[in-house]
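# Reading the structure
Okay, here's what each chain looks like letter by letter:
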Amino acid sequence: MENFIKIAKDFSATPGARYRNDGRFSGEEFYETILQKKFESALKNKLNLTIDLDGTYGFATSFLNEAFNRLAIDFGADTVWKNITIISSEEPYLIEEIKEYIYDAQATH
Amino acid sequence: MRTWKNKQKRRQYQTHVRELKSTRRRKLWIKTKRQKLEGKSLKQREFYEAKRYAEHINAPDEFSINRNPNEAFKFIASLKGYKNRSNVKAVFISLRKCTYISNGAIALMISAIKELKAVGIKVSGSYPLDKAARSKLEKSGFFNFVIGYVSEENEITLNTIIQQGVDVVDSAAVAPLVLKAMNVVWGQPFRNQRLQSLLIELMANTVNHAFTSNKRSNWYLSISSDQSQKKVSFTFIDNGLGINRTLNVKFVEKIKYLFLTSEEQILKAAFDGKFGSRTKERKRGRGLPNVKKCFTENYISNLVVIANNVKFDFKSDTTQCLQYEFEGTCYYWELDLNCVSWKIL
């Protein structure tokens, strides 16, 4: 689906850390190869982008921080938060954390 | 006059005999040594040579980070100290008297051995005489890093030590280990997102913060399983600068924390998220608080952190100042049936 990302399937079941330099499957890589493009396309088509976090082996805070912080910097925190839906039934606290990362980008920039 | 001359002659004769004896003894010694080495492999010959000229160091009788931290870190500090001595070309580690050896201590020893090898120092050693200690050493995965004999019964083991270098966070490498650990504790290879997340945080901390720009980062993860007690112990080691030397402590905080309080309290404060990341970006520096969160939310148990000269036991919420500084950070924790169960396949 155009407006759906399942990280475990579309990116990696073992997401890594923040930057590409840190190792494979970083937050930076996820943002640049998948998230940015899919969000841009969803915005264009006036669709809501659903991101499914379930099914992975686990996320580092730095991975999520890098991906969603950059998304908010590029598109604006409100635009991002209004146009994404996050599924995280295995680790529900991650949704609140991601919201923090998004609005923190607004506070810093 | 004659007596004096006789005495002198006698003395000369005695010296001559002594020299002859000594030469004979030396020749005999070389002969026996040659005979001893006959039929031995090149590796064994090299071992004997290395042992002869090496600096000898004894491991503590109870070699454990948890049970005997002072002695364990004293030994590691002495071992690492050889790399700063230009005249030392080989080191021989004697484990003969070890009656107890923990997997964490073994991983620590490997990290020190690697450092010595990196500067060209040859390292060899002896097995513990104690059967249980020897068996633990053989089962630990130690011999994946150094050459040595592993008995057939100890070849198959669930214990492992992995080392990753250089400068890499390898989440894919640790994922199967988490599954194995869950299998030991819960009987099925469930995923455990918190444990995986914890391991990535530690690897990321090592790569991003633990080392100066001119020193490359390495980390070691040792996992040992106790199937009868359904318990898995983890030890994560980095040989970086240690948490206390890498914190982004602001000037005002420095005055507050460095002059008014101790190193122990600084380490505690770091896990409470009181200091930012060394990268100085907002909302960073969450790695250490996340490690603590894993423990407080009972995803892991018995967390102990040793950084520089401080040992922080999270279970008893106590810190202990060690006599010998450890260059780096060492995390120890356990996964057992009392931890929050994750039953997602």
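In this text, all values refer to a predicted model and were calculated from it rather than measured experimentally.

Quick notes on the rules
- Residues numbered from 1 in each chain as written.
- Chains lettered and ligands numbered in written order.
- Predicted model: local features only at pLDDT ≥ 70, side-chain atom pairs only at ≥ 80, totals over all residues.
- Heavy atoms only, no water.
- Helix = DSSP H or I, 4+ residues; strand = E, 2+ residues; numbered from the N terminus.
- Buried < 20%, exposed > 50% of the residue type's maximum accessible area, 1.4 Å probe, protein only.
- Contact = heavy atoms within 4.5 Å.
- Areas by Shrake-Rupley, 256 points an atom, 1.4 Å probe, with all protein chains shown as cover.
- Domains from an automatic or database assignment.
- Buried area = accessible area lost by both parts, 1.4 Å probe.
- Salt bridge = Lys/Arg side-chain N within 4 Å of Asp/Glu carboxyl O.
- Polar contact = N/O pair within 3.5 Å; in protein donor to acceptor, adjacent residues only side chain to side chain.
- Nonpolar A, V, L, I, M, F, W, Y, C, P; charged D, E, K, R; others polar.
- Pairing = 2+ DSSP bridges.
- Axes fitted to C-alpha atoms, helices over the stretch in contact; angles between N-to-C directions.
- Patch = residues over 30% accessible without salt bridge, like charges linked within 9 Å, V, L, I, M, F, W, Y side chains within 5 Å.
- Lys, Arg positive; Asp, Glu negative; His and termini not counted.
- Charge placed at Lys NZ, Arg CZ, Asp CG, Glu CD.
- Disulfide = S-S within 2.5 Å.

Our focus in this paragraph is the overall build of chain B. Each helix and strand in chain B was counted, giving 11 helices and 10 strands. In chain B, which comprises 345 residues, the proportion classed as buried is 48%. Pairs at least 24 apart in sequence give 68% of the contacts found in chain B among residues at least 6 apart. For chain B, the computed accessible surface area is about 18,300 Å², with 50% contributed by carbon and sulfur atoms.

To continue, consider the domain arrangement of chain B. Residue and element names in this part refer to chain B. Considered domain by domain, chain B is made up of domain 1 (34-145) and domain 2 (158-345). Contacts between the two partners involve 23 residues from domain 1 and, on the opposite side, 24 residues from domain 2. Each partner contributes to the roughly 2,000 Å² buried at the junction of domain 1 and domain 2, and carbon and sulfur atoms together form 60% of this total. Contact with domain 2 buries surface across domain 1, with N66, N70 and F73 losing the most and accounting together for 27% of the total. On the surface where domain 1 and domain 2 come into contact, there are 0 salt bridges. Linking domain 1 with domain 2 are 4 residue pairs in polar contact (both at pLDDT 80 or more). Within the residue set of the side of domain 1 that touches domain 2, elements represented by two or more residues are α3 (69-81) and α4 (103-118). Of the residues forming the side of domain 1 that touches domain 2, the biggest block, 9 residues, is contributed by α4. A per-class count over the side of domain 1 that touches domain 2 returns 10 nonpolar, 7 polar and 6 charged.

Let us now look at the sheet that holds strand β3 (residues 84-87) of chain A. Residues and elements named next belong to chain A. In space, the 3 strands of this open sheet follow the order β1-β2-β3, with parallel pairing throughout. Only two strands of the sheet have a single neighbouring strand rather than two, namely β1 (4-6) and β3. Averaged over all adjacent pairs, the angle separating strand axes in this sheet is 15 degrees, with direction ignored.

Residue and element names in this part refer to chain B. A contiguous patch of positive charge on the surface is contributed by K36, K40, K51, R96 and K97. Topologically, K36 is positioned in helix α1 (residues 2-37). Accessibility expressed as a relative area gives 65% for K36, which makes it exposed.

Turning to the pairing of strand β9 (residues 301-313) of chain B, a few remarks are in order. β9 of chain B sits mainly inside the fold: 11 of its 13 residues count as buried. Hairpin connection, β9 of chain B to strand β10 (residues 318-335) of chain B: the antiparallel pair is bridged by 4 residues, and D317 of chain B has positive phi, about 55 degrees.

Another aspect to go through is the state of the cysteines. Residues and elements named next belong to chain B. The final tally for this structure, using the stated rule, is 0 disulfides over all chains. Of the cysteine sulfurs around C294, a residue in no disulfide, the closest is that of C339, at 9.8 Å. A relative accessible area of 5% means that C294 is categorised as buried.

For an α-helix, 3.6 residues make a turn, and residues three or four places apart therefore share a direction. Among the residues of helix α10 (residues 263-271) of chain B, E264, I266, L267, A269, A270 and F271 of chain B are the ones counted as buried. Within two residues after α10 of chain B, G273 of chain B carries a phi angle of roughly 75 degrees, on the positive side.

All names here are of chain B. Strand order across the open sheet formed by 3 strands is β1-β3-β5, with parallel pairing between neighbours. At either margin of the open sheet sits one strand with a lone partner, and together these are β1 (55-58) and β5 (122-126). Ignoring strand direction, the axes of neighbouring strands in this sheet form an average angle of 25 degrees. Pairing analysis gives 4 bridges linking β1 to strand β3 (residues 90-94), with the strands arranged parallel. Its bridge partner being in β3, I57 is matched across the sheet by I93. Along the sheet, α3 makes contact with β1 and β3, crossing β1 at roughly 165 degrees.

Residue and element names in this part refer to chain B. Despite not being glycine, K230 shows a phi value in the positive range, around 50 degrees. If you trace the backbone, K230 turns up in the loop between β7 (219-226) and β8 (231-238). Phi at D317 is positive, roughly 55 degrees, even though this residue is not glycine. Topologically, D317 is positioned in the loop between β9 and β10.

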